[in-house]
Amino acid sequence: MKDYSLYYCDQRLEEAEVVELLKQAWDELYELEFDAVFGTWRGAHFEPETDTVHITWENMYCAPFMISIHRVTRVLRMDYPRDEFLQLEQAEIERLRSLPRKRR
């Protein structure tokens, strides 16, 4: 089962577009033979200067990595996530953990 939940999502992105990009990123991960059971999406970050969405993925086998997708051409590039992306995601994870259980 594909899970498209994120810890962090840039508010400038519409949900439908994020889901579409996550599906494209998932297809790439599937081609690389990553198993969804052992990983999770972390965040979707928008870079307006390049019109690119950066999607981070974390798994139990290696360091987090990032799939960057241009919004117009849909060209995909693999890379390691920037520190500021990981910091934004970690802050959101900590915020969620600090909420009372019923508000999570």
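Read on for a plain summary of the structure. None of the values given here were measured: they were computed from a predicted structure. Throughout this document, residue positions are counted from 1 along each chain, in the order its sequence is written. Selection of residues for local features in this predicted model requires a pLDDT of at least 70, selection of side-chain atom pairs for listing and counting requires 80 or more, and totals for whole chains, interfaces and linings are taken over all residues. Hydrogen atoms and water are omitted, and side-chain values are computed over all heavy atoms in the structure.

1. Examining helix α1 (residues 15-31)
Piece 1. By the criteria applied, helices consist of DSSP H or I runs no shorter than four residues and strands consist of E runs no shorter than two, each listed in order from the N terminus. Given the number of residues in a helix, its expected span is that number minus one, multiplied by 1.5 Å. If you check α1, its first and last C-alpha atoms are 24 Å apart, about what 17 residues at 1.5 Å a residue would give, namely 24 Å.
Piece 2. Three labels apply to residues, based on accessible area from a 1.4 Å probe with only protein chains included: buried if under 20% of the type maximum, exposed if over 50%, partly exposed otherwise in between. Listed in full, the buried residues belonging to α1 are Glu17, Val18, Leu21, Leu22, Ala25, Trp26 and Leu29.
Piece 3. Working rule for contacts: check all heavy atoms of both residues, and any pair within 4.5 Å makes them a contact. Of the surrounding secondary structure, the elements contacted by the buried residues of α1 are β1 (8-9), β2 (39-47), β3 (52-59) and β4 (65-70).

2. Describing the packing of aromatic side chains
Two numbers describe a pair of aromatic rings. These are the distance of the centres and the angle of the planes.
Piece 1. Pairing of aromatic rings covers Phe, Tyr and the six-membered ring of Trp, with a centre-to-centre limit of 6.5 Å; geometry is then stacked below 30 degrees between planes, edge-to-face above 60, and tilted otherwise. Going through the model one piece at a time under the given rule, you end up with 2 aromatic pairs.
Piece 2. Plain terms: the ring middles of Trp26 and Trp57 are 6.1 Å apart, the flat faces sit at 55 degrees to each other, and that makes the pair tilted. Here Trp26 is found in helix α1, whereas its partner Trp57 is found in strand β3, with 31 residues between them in sequence. The residues Trp26 and Trp57 share a single accessibility class, namely buried.

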